[in-house]
Amino acid sequence: MKMPYFYARDAYQPPSGPEGEAQRLTASLNENLIILRQISGGSDDLIVREFELCGLRLCLLQIEGMVDSLAMADFFIRPLFAAALSNNTTPDAFADYMRNQAIFAIDQQEIGSFSELFSFVMSGFAVLLCDGLSTGYAMGLQGFAYRSVAEPLGEFNVRGSRESFTEALRVNMSMVRRRMKTPLLKMELGTVGENSRTGFCLLYRTDKVDSATLNQIKHRLGAIRLDTVLESGYIQPFLENAKASFFSTVGTTERPDTLCAKLAEGRVGLLIDGTPFALTLPHLFGEYFQGFDDYAHPPYYATMIRLLRYLAFLLTVMLPGLYVAIARYHLELLPPALLYNIATAEENIPFSAMLEVLIITLIYEVVREAGLRMPQPVGMAVSIVGALVVGDAAVKAGIIGAPMVMVVALTAVSAFLVPALYQAITFLRLLLIFAGGFFGLFGITAVLLMVGCNLFARESMGIPVTTPVAPIAPYGWRDLIVRVGWPKLSREQLNVQHLRQEESDTIPHKTEGQEE
Amino acid sequence: MDKGIRIGQVEFFALFTLARLFGSLTYVGEGSMPIDTSTALLGQLCAALLAWGAFGLVTGLVRLAGTQTPVQLCFLTGKPSGRAATALLGGCSFLVMVQVINSFERYFTSTVYPEASGFIFILWCIAVLIFFNVMGLDALSRMSNLLLLGLVLVLIVVTAGLWSVAEPVELISPFYEGPMALLSSIYRSFVDWGDLIVMAMMLPMVGGGGRRAARGVFGAAIVVAELISVLVITVLGGASRMQLYPVHALFSAADIWVPTRVDFLFMMLFMTVCLLKGALHLAFVDHALKTLLPVGRAQHSLGAAALTAGVAAFALSRSHWLASNFIALMNSGAPMLLMTLIIPLLWGTAALLSGRHPS
């Protein structure tokens, strides 16, 4: 029996469910219901409604709260009872009616096993079983509650769309499709998680995607053996590069327009049911510094903003460590006036520079975390109180010096320019504080070299994440730090697959399908 | 030296240009290759041309024999002699690695942190060298792109900072000190090109062959070395002989507003160059060990090689007699000549004469 196209699992292994699920449906409704109750363990949310129609014993199955009651009444129950069926309809005649005459939903399919039955029912389909038939009929009448489309929380923009993904997979898919009305955009559905059976959708442009990359992603998804997948973060590690690093080789975005832009560059997108974020692959390091607004602003302004982001990244990672290293080991580097000011501010502080910066960083992280987890109005209050405590009261109390407050404040603000790197930034910052505190600039240089080497070793689906800087690929430079104008960008549209090392020497400066 | 690694031409160029700077940055007065005389300006140039010739000879032999690397070339003469040659090559490279770690420790404990223990710096150095090799030569070469850009910026800043204090009159004829001084300068500069063997080993990994990139390395290395020499001669002049690390002193003399001193840039540059060069030689030593030892025993060859080099460097830092003899050995140029010229030439010629080559 053919499965609906959106549940076709040619590329994926079907999850092995509870025992008995693989069993075929039988022609006896009673027997089917007994097995059904055995498998489901009599779960209370499974609604089983038996009824008779034209001499046939029918049974309707659905999960409570996942089917749209109005649609069910209008498009299924009413038409079914109004159908021109004779009083003593045979099961075969009913099967023929269901197969050839009835359209209760666009997504309407015959099912033949309990595994399929549970798959559909748990996804919000209504399933009709008929005594005398070893097949059932699944109808897509989903109507569960989900959060409506809202503004993005982490990727704000000034111009352009204000839509962000929601938790409902189908809604997310439709948001992408609305922006890319081409048959070249392919969406493949599947499930992951042995028991959560979380739906996911692979998105890619058939004209741009690299088949080896796509197969690798499918293979990795198929190899995931997790019991439950509740969030894209569960899957992300399985798609990462094998070498451990602070920097992820999988991109995330909560904006459908950003996802579309990445798909247009030959990347593969992955939407996970229940997650308002999409994953993108391959993901290059330079992408952390790109924002959707960059493409709406004039090139000179976009370039300036990107430079600011790179500078902010360096500042937020290195400034506290550098301050500690210089204050402790390399005072000769500072001009006398600045040295005098710092010495005056720090002379009454009871802690060493390293301890001081660690204390204030810790306080900042606590305040930030509290602000994030609390309800928004309370969170704001916590942030204000925290800022006051850290900024003013602590200086007056002589716990920390004013220059240190400035350093940490600048560091904290700079981190928000590259929000996707926040975790890496926080950890690297701490590492550099320790390195600077214990070994001075020597320690900082050593740690930076090691972190740098680790970053340059990273590959995302076979593409070094540091390309087009290294390996050098001038083809990719026009959208790295400098963002060239749209006329030039559209003339030579970027395809991330052309940044592979083997291709970087012979970059095809035209995309596939573009005329010579 | 993994065949699966692929390195771009630019990355290869950047990696070896940086590694080549080691000679100029670790210059410690009379003991090693002089860079603070006008004779050295011509000496370095001639040495680079000689090194280019030697490199061409070795790679030419490798190609003529139909092999890919000098080690493969040596094995054409038979397994025992191939193993002997590999052991010698690896041994010489090991000595260079010890020299790098020793210089690293000596610089930091004598100039930057005089009160610190040398052991810590050796430990750091070994840790970073192992880490670099675990990350792979491809990662190292990619990182070199950015580091080379940093080097260029640093040199621009320092040159600009020294411009006002430079005395061009210090630049005199390179022949002033006589032909023997010139020949000595050429020889000393030439034996500083110990990275040629690693370059020849890595050529097959370079996309497009890498010969053009290798030419670029010679060109860029000589430009940077000459620039540093000119700065040392014109800014420090005869005073450079009184400095333990003249190039460090040169950076300290650069007049920049904020920060007031840029000798920390020298420190960062020195560290980077030492670690890159050390990592390259560690990779070669590891390759030699993996070639010589059975698979099971070669499993920890990387760590073992690095640790042994660290212990040797520590011993050098503890014994003045050992250190002076080691420095004399390295300055004699014997390991470099053996590694980059004598072994490949002897084994290559033997292989070609005996007709034991695939082509």
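Given the structure is predicted, the values throughout are model-derived calculations rather than measurements. (Residues numbered from 1 in each chain as written. Chains lettered and ligands numbered in written order. Predicted model: local features only at pLDDT ≥ 70, side-chain atom pairs only at ≥ 80, totals over all residues. Heavy atoms only, no water.)

Before we go on, may I ask you to explain the overall build of chain A in this structure?
Check the secondary structure of chain A and you find 16 helices and twelve strands. Counting the 516 residues in chain A, one finds 52% classified as buried. Counting only contacts in chain A whose residues sit at least 6 apart along the sequence, the fraction spanning at least 24 positions is 67%. Accessible surface, chain A as shown: approximately 23700 Å² in total, 61% of it carbon and sulfur. (Helix = DSSP H or I, 4+ residues; strand = E, 2+ residues; numbered from the N terminus. Buried < 20%, exposed > 50% of the residue type's maximum accessible area, 1.4 Å probe, protein only. Contact = heavy atoms within 4.5 Å. Areas by Shrake-Rupley, 256 points an atom, 1.4 Å probe, with all protein chains shown as cover.)

Quick question: what am I supposed to make of the pattern of salt bridges here?
Opposite charge on two side chains lets them pair, provided their charged atoms get close. Residue and element names in this part refer to chain A. Evaluation of the coordinates by the stated rule reveals 26 salt bridges over all chains. The partner of Arg178 in a salt bridge is Glu163, with the nearest N and O atoms 2.9 Å apart. Taken as a pair, Arg178 in helix α5 (residues 169-179) and Glu163 in the loop between β5 (136-139) and α5 lie far apart in primary sequence, 15 residues in all. Given a relative accessible area of 22%, Glu163 falls into the partly exposed group. The shortest N-O distance in the salt bridge between Arg306 and Asp479 comes to 2.9 Å. With Arg306 in helix α9 (residues 299-328) and Asp479 in the loop between β12 (463-464) and α15 (486-491), the pair connects residues that are 173 residues apart, well separated along the chain. Of the two residues, Arg306 and Asp479, both sit in the buried class. Three or more residues are tied together by salt bridges with common partners; here these are Lys262, Glu265, Arg267 and Glu287. (Salt bridge = Lys/Arg side-chain N within 4 Å of Asp/Glu carboxyl O.)

Teacher, can you tell me more about the interface of chain A and chain B here?
When the parts of a complex come together, some accessible area is lost, and that lost area is often used as the size of the interface. Each side of the interface is counted separately: chain A has 33 residues, and chain B has 38 residues. Linking chain A with chain B are one salt bridge. The residue A:Glu459 makes a salt bridge to B:Arg142 at a minimum N-O spacing of 3.1 Å. Counting every contact that joins chain A to chain B gives eight residue pairs in polar contact (both at pLDDT 80 or more). For the side of chain A that touches chain B, the elements supplying multiple residues, two or more each, are α14 (422-457) and α16 (501-504) of chain A. No other element matches α14(A), which puts 14 residues into the side of chain A that touches chain B. Split into classes, the residues belonging to the side of chain A that touches chain B amount to 20 nonpolar, seven polar and six charged. (Polar contact = N/O pair within 3.5 Å; in protein donor to acceptor, adjacent residues only side chain to side chain. Nonpolar A, V, L, I, M, F, W, Y, C, P; charged D, E, K, R; others polar.)

What am I meant to see in the sheet that holds strand β6 (residues 185-192) of chain A here?
Think of a sheet as strands paired side by side through backbone hydrogen bonds, with each pair either parallel or antiparallel. Residue and element names in this part refer to chain A. Strands sit in the order β6-β7-β9-β10-β8 across an open sheet of five strands; the sheet is antiparallel. Because the sheet does not close on itself, it has two edges, and the strands there are β6 and β8 (251-253). Ignoring strand direction, the axes of neighbouring strands in this sheet form an average angle of 25 degrees. Pairing geometry for strand β9 (residues 268-272) and strand β10 (residues 278-281), over four bridges, is antiparallel. Residue pairing for β10: Val268 is matched across the bridge by Leu281. Most of the contacts of helix α6 (residues 211-222) go to strand β7 (residues 198-205), to which it runs at about 175 degrees, and overall it touches β6, β7, β9 and β10. (Pairing = 2+ DSSP bridges. Axes fitted to C-alpha atoms, helices over the stretch in contact; angles between N-to-C directions.)

Hey, could you run me through the confidence of the model for chain B in this one?
In low-pLDDT segments, the atomic positions of the prediction should not be examined closely. Within chain B, residue pLDDT values average 86, and 94% of them lie at 70 or more. Per-element mean pLDDT across chain B ranges from 81 in helix α2 (residues 22-25) of chain B up to 94 in helix α6 (residues 118-135) of chain B. (pLDDT = per-residue confidence, 0-100.)

I would appreciate a short explanation of helix α13 (residues 402-415) of chain A in the present structure.
Counting along an α-helix, one turn takes 3.6 residues, and residues three or four places apart therefore face a common direction. Here α13(A) is 14 residues long and its end C-alpha atoms lie 20 Å apart, about the 20 Å a rise of 1.5 Å per residue gives. Turning to α13(A), its buried residues are A:Pro403, A:Met404, A:Val405, A:Val407, A:Val408, A:Thr411, A:Ala412, A:Ser414 and A:Ala415. (Expected span 1.5 Å × (residues − 1).)

In this structure, what is going on with the domain arrangement of chain A? I would like to understand it.
When the domains of chain A are assigned, the result is domain 1 (15-139), domain 2 (169-283) and domain 3 (298-460). Distance between the C-alpha centres of domain 1 of chain A and domain 2 of chain A: 32 Å. (Domains from an automatic or database assignment.)

How should I be thinking about the environment of A:Arg57 in this particular structure?
All names here are of chain A. In this fold, Arg57 is placed in strand β2 (residues 56-63). Look at Arg57 and you get partly exposed, because its relative accessible area is 23%. Here the alpha-carbon distance between Arg57 and Thr90, two residues 33 residues apart in the chain, equals 11 Å. The contacts of Arg57, once residues within four sequence positions are left out, are Leu29, Asn30, Glu50, Phe51, Glu52, Leu129, Cys130 and Asp131.

For this particular structure, what's the right way to read the nonpolar core?
Note on soluble globular proteins: their nonpolar side chains tend to be buried together. Formed by 167 residues in total, the largest nonpolar core has its most connected members in A:Leu421, B:Phe12, B:Phe108, B:Phe132 and B:Met202. Broken down by element, the residue count for this core peaks at 19 residues, all from α14(A). Here A:Leu421 is in contact with A:Phe247, A:Phe285, A:Tyr288, A:Phe289 and A:Phe313, once residues within four sequence places are set aside. Membership of the second largest hydrophobic core comes to 27 residues, among which are A:Phe51, A:Leu60, A:Leu85 and A:Leu141. (Core = buried A, V, L, I, M, F, W, Y, C linked by side-chain atoms within 4.5 Å.)

Can you help me understand the pairing of β2(A) in this one?
Each regular strand shows side chains that alternate between the opposite faces of the sheet. All names here are of chain A. Across the eight residues of β2, seven count as buried, placing the element largely inside the fold. Here eight bridges tie strand β1 (residues 46-53) to β2, and the two strands are oriented antiparallel to one another. Within β2, the residue paired with Leu46 across the bridge is Ile63. Between β1 and β2, which follow one another and run antiparallel, lie two residues, and Cys54 among them has a positive phi close to 50 degrees. In terms of strand pairing, β2 meets strand β4 (residues 126-130) through four bridges, oriented antiparallel. Note on β4: the bridge partner recorded for Leu58 is Cys130.

Can you help me understand the packing of aromatic side chains in this one?
The relation between two aromatic rings is expressed through the spacing of the ring centres and the mutual angle of the planes. Considering all chains together, one arrives at 40 aromatic pairs over all chains under this definition. Centre to centre, the rings of A:Phe434 and A:Phe438 are 6.3 Å apart; their planes meet at 10 degrees, and the pair counts as stacked. One end of the pair is A:Phe434 and the other is A:Phe438, both in helix α14 and four residues apart, which spans about a single turn. According to the relative accessible area criterion, A:Phe434 is partly exposed, its value standing at 36%. On the numbers, 6.5 Å between centres and 80 degrees between planes, the contact of B:Tyr245 with B:Phe270 is edge-to-face. Placement of the pair is B:Tyr245 in the loop between α10 (211-236) and α11 (246-253) and B:Phe270 in helix α12 (residues 263-292), with a sequence separation of 25 residues. Its end group placed over the ring of A:Tyr422, A:Arg368 keeps NZ or CZ at 3.8 Å from the ring centre. (Phe/Tyr/Trp six-rings, centres within 6.5 Å; stacked < 30°, edge-to-face > 60°. Lys NZ or Arg CZ within 6 Å of the ring centre and 35° of its normal.)

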